[in-house]
Every structure is written in structure tokens, then in C-alpha cells.
Amino acid sequence: MQPTVQISKENDHICGRFTAMASPCEILLEVDCADADAIIHMAAQETWRIERKFSRYRNDNLMHAINNSDGLPVPIDAETHKLLMFADTCYRLSDGLFDVTSGVLRKLWRFDGSNVIPSQAEVDALLPFIDWQQIKFDEDFVVVPAALSWILAASAKSMRWIKSHD
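Visitor: How should the nonpolar core be read in this particular structure?
Guide: Generally speaking, soluble globular proteins have nonpolar side chains that are buried together. Among the nonpolar cores identified, the biggest contains 29 residues, and Phe-18, Ile-66, Trp-132 and Val-142 are the most heavily contacted of them. Of all the secondary-structure elements, those providing two or more residues to this core are β2 (14–20), β3 (23–29), α1 (36–54), α2 (62–67) and α3 (78–93). For this core, the element with the most residues is α1, which contributes 6 residues. Other than its neighbours up to four places away in sequence, Phe-18 contacts Thr-4, Val-5, Ser-23, Pro-24, Cys-25, Ile-27, Ala-44, Thr-47 and Trp-48.

Structure below.
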């Protein structure tokens, strides 16, 4: 099914709504211009492109190749290199609290509206599989040890910020 964008004129702005990365997205333009529809559609298309490339829920993209590489080098492009650099910066600035290799924790947490919280013992059992410092990359390749599960969802959602500040 082709994703769609709903555009509406609100009080003092134009609003574009669509879904991407398992999240509702909204673009607000404070100007009423002839290109508003095109601008909103371009932004939605770019968001969907990022989702196609980096979603962990697909088995036909770069993220799947990286997550299933069993410790072998995977070729990357300049965009992915920038995303890895951003993830590394977040890791360093947070003193290791923001770690994109924490994807393995999704085995314990269910974001289904329930209030089930995993035990500390369950969390502790997965901590050895989280370690951003084991990810090796340069401008051409990334190597993820076979034991690690990594996820760039939070970083990929930030790709929109990176692209707007290039």
C-alpha cells in the first residue's frame, strides 16, 4: 500500500500529516505558498526513503544486511557513515547512555500499551550484548560483532536533523 499524505489548511498554517517509522508525522508550514503541497510531499518522500533504508522491520535494506552480517564488513555510503558518526557522538555526549546497540532490549519491552516491565535479572542477562564501542566503522565499511544486536532507529529518525544541518 502506498503511503499517503493528508494536507489541510488550518488557522494560520498548512499542515501535512503522514505516518513513518511507526510514528505519526506532522509538518507545519506557517506560510501559505503555491509550493506548500510540493514541500510537504518532498519531506514525506525523504522520510519514507530513510525508513526504507534504515528500518529494522525490513529484510531488504542496508539495516538488515548490517544486522545479519555475522561480524563481516558491510559496505556503507556517506549517509550511513554520517549516521554512525552521529550515533557515536550521542554515545560520547551521553557518557554511554545513548547506545544504538541496545536494540536487543526490544526482546523484553513490548510497546503494546501494557504495563509489563521486565525484571532486572532479564535486563542484566542482555547487557553483555550491548556495547557501542565494539562497532567498528570507517567511511567505507561497518563491522558489527555477531553477538551484538544493533538498532539505528533513534539515530535514523535523527537523520532528518542531520540532513537539514548539512
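The structure having been displayed, the exposition proceeds.
Visitor: Explanation requested: the sheet that holds strand β4 (residues 74–75) in the structure shown.
Guide: What links the strands of a sheet is backbone hydrogen bonding, and the strands pair in either a parallel or an antiparallel sense. With respect to topology, 3 strands assemble into an open sheet ordered β4-β6-β5, the strand pairing being antiparallel. Each end of this open sheet is capped by a strand with a single partner; those strands are β4 and β5 (136–137). Relative to strand β6 (residues 141–143), β5 is paired through 2 bridges, and the arrangement is antiparallel. Counterpart to Phe-137 in the pairing with β6 is Val-142.

Visitor: What should I look at first to understand the packing of aromatic side chains in this one?
Guide: Two aromatic rings are characterised by how far apart their centres lie and by the angle between their planes. Tallied over the entire structure, the rule returns 2 aromatic pairs. Plain terms: the ring middles of Phe-18 and Trp-48 are 5.5 Å apart, the flat faces sit at 75° to each other, and that makes the pair edge-to-face. Of this pair, Phe-18 sits in strand β2 while Trp-48 sits in helix α1; the two residues are 30 residues apart in sequence, bridging distant segments of the chain. With a relative accessible area of 5%, Trp-48 lands in the buried category.

Visitor: I'm lost on a nonpolar patch on the surface in this one. Help?
Guide: A cluster of nonpolar side chains, contributed by Trp-109, Phe-111 and Ile-117, occupies part of the molecular surface with about 410 Å² of accessible area. By relative accessible area, Phe-111 is classed as exposed at 78%.

Visitor: Would you take a moment to explain the confidence of the model for the protein chain for this structure?
Guide: Close inspection of predicted coordinates is inappropriate for parts of the model with low pLDDT. For the protein chain, per-residue confidence averages 85 on the pLDDT scale, and 87% of positions sit at 70 or higher. Note on residues 159–165: pLDDT is under 50 here. Beyond four places in sequence and across chains, it has 16 contacts.

Visitor: Could you clarify how one ought to interpret the packing of α1 against α3 in this entry?
Guide: Each pair of packed helices can be summarised by the angle the axes make with each other and by the distance between the axes. For the pair α1 and α3, interaxial distance at closest approach is 13 Å and the crossing angle is 80°. Here α1 lies roughly perpendicular to α3, going by the angle between them. Only Glu-79, Thr-80 and Leu-83 of α3 make contact with α1, whose side of the interface consists of Arg-49, Lys-53 and Phe-54.

Conventions adopted
Residues numbered from 1 in each chain as written. Predicted model: local features only at pLDDT ≥ 70, side-chain atom pairs only at ≥ 80, totals over all residues. Heavy atoms only, no water. Core = buried A, V, L, I, M, F, W, Y, C linked by side-chain atoms within 4.5 Å. Buried < 20%, exposed > 50% of the residue type's maximum accessible area, 1.4 Å probe, protein only. Helix = DSSP H or I, 4+ residues; strand = E, 2+ residues; numbered from the N terminus. Contact = heavy atoms within 4.5 Å. Pairing = 2+ DSSP bridges. Phe/Tyr/Trp six-rings, centres within 6.5 Å; stacked < 30°, edge-to-face > 60°. Patch = residues over 30% accessible without salt bridge, like charges linked within 9 Å, V, L, I, M, F, W, Y side chains within 5 Å. Areas by Shrake-Rupley, 256 points an atom, 1.4 Å probe, with all protein chains shown as cover. Salt bridge = Lys/Arg side-chain N within 4 Å of Asp/Glu carboxyl O. pLDDT = per-residue confidence, 0-100. Axes fitted to C-alpha atoms, helices over the stretch in contact; angles between N-to-C directions. Parallel < 35°, antiparallel > 145°, perpendicular 65-115°, else oblique.

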